[in-house]
Amino acid sequence: MTHQYPALTPEQKKELQDIAQRIVAPGKGILAADESTGSMAKRLNPIGVENTEENSRIDSCIGGVIFFHETLYQNTDDGIPFAKLIKDRGIVVGIKVDKGVVPLAGTNGETTTQGLDGLSERCAQYKKDGADFAKWRCVLKISETTPSELAIFENANVLARYASICQQNGIVPIVEPEILPDGEHDLKRCQYVTEKVLAACYKALSDHHVYLEGTLLKPNMVTAGHSCPTKYSSEEIAMATVTALRRTVPPAVTGVTFLSGGQSEEEASVNLNAINTCPLMKPWALTFSYGRALQASALSAWRGVPNQEKQATEEFIKRAQANGLAALGKYESSGTAGAAGQSLYVANHAY
Amino acid sequence: MPQALSEAQKKELHETALRIVSPGKGILAADESVGSMGKRLAQVGVENSEENRRQFRQILFSADDRINSCIGGVIFFHETLYQYSDSGVSFVKMIKDRGIMIGVKVDKGVVPLPGTYGETTTQGLDGLSERCAQYKKDGAVFAKWRCVLKISDNNPSQLAISENAGVLARYSSICQQHCIVPIIEPEILPDGDHDLKRCQSVTEKVLAEVYKAMSEHHVYLEGTLLKPNMVTPGHSCLTKYTPQEVAMATLTAIRRTVPPAVTGKSYITPGEEEASIHLNAINNCPLPKPWILTFSFGRALQASALRAWRGHKENEKAATEQFIKRAEINSLACQGKYTGDNHAESGQQMYGSIYAY
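All residue numbers here refer to positions counted from 1 along the written sequence of the relevant chain. All chains are assigned letters beginning with A, and all ligands numbers beginning with 1, in the order in which they are written. Given that this is a predicted model, residues contribute local features only at a pLDDT of at least 70 and side-chain atom pairs are listed and counted only at 80 or more, while totals for whole chains, interfaces and linings are drawn from all residues. The side-chain figures draw on all heavy atoms in the structure; neither hydrogens nor water molecules are used.

- As annotated in an unreviewed UniProt entry, chain B carries the name Fructose-bisphosphate aldolase and comes from Mugilogobius chulae.
- Here is the UniProt Catalytic activity (unreviewed entry) comment for chain B, exactly as written: "beta-D-fructose 1,6-bisphosphate = D-glyceraldehyde 3-phosphate + dihydroxyacetone phosphate".
- UniProt positions are given in the numbering used here, feature names are shortened, and annotations may be inferred rather than shown by experiment. Per UniProt, the comment on chain B under Pathway (unreviewed entry) is "Carbohydrate degradation; glycolysis; D-glyceraldehyde 3-phosphate and glycerone phosphate from D-glucose: step 4/4."

- An unreviewed UniProt entry annotates chain A as Fructose-bisphosphate aldolase originating from Mugilogobius chulae.
- Word for word, the UniProt comment on chain A under Sequence similarities (unreviewed entry) is "Belongs to the class I fructose-bisphosphate aldolase family."
- According to UniProt, the comment filed for chain A under the heading Catalytic activity (unreviewed entry) is "beta-D-fructose 1,6-bisphosphate = D-glyceraldehyde 3-phosphate + dihydroxyacetone phosphate".

See below:
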């Protein structure tokens, strides 16, 4: 019982941890470009641009980019694979490897995520083709009856299997147990559920002998449901989020890269900043893994019109820099009442 | 969903935990049961009577103000909680008056788990709530419960791990309802010939299970302390390891399993000087450690005092001095400032590669 048959050699562990640390280096986060499809990704992806001045501004805030299969193998107009272009600039290449959610029979609309079949072979190939990290998204919902124990357990388990397989192939797994913001639940409820879900995740990761130092976590921030009548400040969101993480995420985990989950671009930056200035002790990097929250303005600037690319790129760089600063706790929002917001941490606030 | 604790209860629990493990302070485990104390007394030729037990505890509690900055809490055995000094002052008052927190051992010892290779669980849950309420009235603000696991070819089994984790979580949950901070002790014995890696692997599995159980039982982690074994090779292991290797293995194991919300860890370990050296190495280890790491020592604080006393009244002052000396040494060790009796400076460069753990 509890004999250790090492899952990884010291060299493999070192490689995994180095990759993880590079992705969440101070001031850097992840561009989740795995949601865009086809040609939109190609044109929109400002990383494909060869303007060195723009590139250096991007490179200082983007530690990794998540592709999905199709875009990993696309080329720039000059025929260079995107993956190679990015890698050569020192940005780590990631790949979404799950195959979407499927229903869990006998539950109230809950799901698990598929994609484990042949995952080892796929990872080996992706590693050859330049990817060093992967992403797998599980989804949980809050309602009167959910998430159920089965949904929590099953999703935690499937995340752990995925993580274990990735690490065998030198790929850092990003573990994403997303709890959707849909619903009218309050902040406390989301915090409670997040704590239970993350505790289950880390137990599963332990059971599956996953090397935590060579992983990243991609959780939701703790927020109230979209239809919740109470409004919470970014400091309240930050306190609830950091408290939940402190109660569940072992310090060995290299970094936490938050998903934006439908927050606006500005909200996502302001909340990330509040998380980084929260006075509780936080032993992991706390940064972003944003899709829409990095690209929305760029998208609307582009609007499918050629010759708008430069503007689109500028918008993107603006958001990337804002989030890079937020990851350091140095972002000053132009939108809301700036400095006044900083003093709102209540020492005895109940979490 | 209903909250297990009110905000006021959480605040009280958290503050108590912080006071016990204030910087430079650790815990004196003076909670040896009658039987255990008997063994200690026998080693120095003293009869195991209630009076002798009282005398020895008095030697410890008579220490002067020098221990106020080294000892954050004392764990009592039930009997001792209701004993008095020669001058009629209750032990509880003597300790409390110095600002040291009072703790009490609440478990009722180990019992066998049938169908296992000599494994155990720990009993004591019956009426625990009522007992906690009474102890709180009588001055206790924290409690201790010891579970025991063993390493061998077959052990620890999954049953032993999950049963002990479960019982620790139940105990914790009950204590917190009475604003008593539970010290959680899943001790993995050093008996055996297993190496450092094996101990680390087992410690990681055990602690992961413990914190999963704590989550399931809605225990408020900020209002708890962990009392784990250091990660060491078995007593009969032929390979020798440096304090830095022990520190690295110990820290790696807890970094992988213990959430930052846990206020502090108070280590147990056999030996006296060795214990201090190891505690010091742990506090100097370069890995980031978001909790307080201190000591909860029994023998490691008392052995010299016991030997100096040998049951003779005229040796009492000398014995108390021995205790104070160990307390001060461990206070330095839990801040990483102890240079040791015969040891050279434990240099940072001796910590080696973290990837080997």
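The structure having been displayed, the exposition proceeds.
Brief notes about the overall build of chain B
- In DSSP terms, a helix is any run of H or I states spanning at least four residues, a strand is any run of E spanning at least two, and both are numbered starting from the N terminus. Across its full length, chain B carries 12 helices and 10 strands.
- Against the compact-globule benchmark of 21 Å for 357 residues, chain B has a radius of gyration of 19 Å, which places it among compact chains.
- Based on the C-alpha atoms only, the size of chain B along its principal axes is roughly 55 × 55 × 40 Å.
- Only protein chains enter the area calculation, which uses a 1.4 Å probe; residues under 20% of their type maximum are buried, those over 50% are exposed, and those in between are partly exposed. When each of the 357 residues of chain B is scored for burial, the buried share is 62%.
- Taking contacts inside chain B between residues at least 6 apart in sequence as the whole, the part at least 24 apart equals 81%. Computation of the radius of gyration draws on C-alpha atoms alone. For the globule rule, the value is 2.2 Å times the number of residues to the power 0.38. The criterion used for residue contact is that any of the two residues' heavy atoms lie within 4.5 Å.

Quick notes on the state of the cysteines
- Note that a disulfide, as used here, is simply two cysteine sulfur atoms within 2.5 Å. Taken as a whole and assessed by the stated rule, the structure comprises 0 disulfides over all chains.
- We note that C278(A) lacks a disulfide partner, and the nearest cysteine sulfur, in C190(A), lies 15 Å from it.
- Distance from the sulfur of C147(B), which forms no disulfide, to the nearest cysteine sulfur (C175(B)) is 12 Å.
- Relative accessible area serves as the criterion here: at 0%, C147(B) is assigned to the buried category.

Here's the deal with the sheet that holds strand β8 (residues 216-217) of chain A
All names here are of chain A.
- Read around the closed barrel, the 8 strands follow the order β1-β2-β3-β6-β7-β8-β9-β10; overall the barrel is parallel.
- Any two strands are treated as partners once DSSP identifies two or more bridges connecting them. Pairing of strand β2 (residues 62-67) with strand β3 (residues 92-96) involves 4 bridges; the strand directions are parallel. Looking across to β3, one finds that F67 is bridged to I95.

Some remarks on the interface of chain A and chain B
- Listed per partner, the contact involves 36 residues of chain A and 41 residues of chain B.
- Note on chain A versus chain B: buried area summed over both sides is about 3,100 Å², and carbon and sulfur give 56% of it.
- What makes a salt bridge here is a side-chain nitrogen of Lys or Arg within 4 Å of a carboxyl oxygen of Asp or Glu, nothing more. Counting across the chain A and chain B interface gives 3 salt bridges.
- A salt bridge links R247(A) to E222(B); the nearest nitrogen and oxygen atoms lie 2.8 Å apart.
- Counted as a polar contact is a pair of N or O atoms within 3.5 Å, where, for protein atoms, one must be capable of donating a hydrogen and the other of accepting one, and residues adjacent in sequence contribute only when both atoms are in side chains. At the surface where chain A touches chain B, the tally comes to 11 residue pairs in polar contact (both at pLDDT 80 or more).
- Looking at the side of chain A that touches chain B, the elements with two or more residues in it are α1 (10-23), α8 (187-207) and α9 (234-246) of chain A.
- When residues are grouped by polarity, Ala, Val, Leu, Ile, Met, Phe, Trp, Tyr, Cys and Pro land in nonpolar, Asp, Glu, Lys and Arg in charged, and all others, Gly among them, in polar. Looking at side-chain class alone, the side of chain A that touches chain B contains 16 nonpolar, 9 polar and 11 charged residues. A 1.4 Å probe defines the accessible area here, and the buried area is the portion of it lost by two parts on being joined, summed over both.

Some remarks on empty space enclosed by the protein
Residues and elements named next belong to chain B.
- Only protein atoms enter the 1 Å grid, on which a cavity is a set of points fitting a 1.4 Å probe that cannot get out and a pocket is an open set with protein on both sides within 12 Å along at least 5 of 7 lines, lining residues being those with an atom within 4 Å of a point. Grid points are joined across faces, edges and corners, and a volume is the space filled by probe spheres set on the points. Inspection of every chain in the model, using the stated rule, returns 2 cavities of 30 Å³ or more.
- Approximately 30 Å³ is the volume found for the second largest cavity.
- If you go around the second largest cavity, the residues you meet are E119, T120, V148, L149 and K150.
- Its residues placed into classes, the lining of the second largest cavity shows 2 nonpolar, 1 polar and 2 charged.

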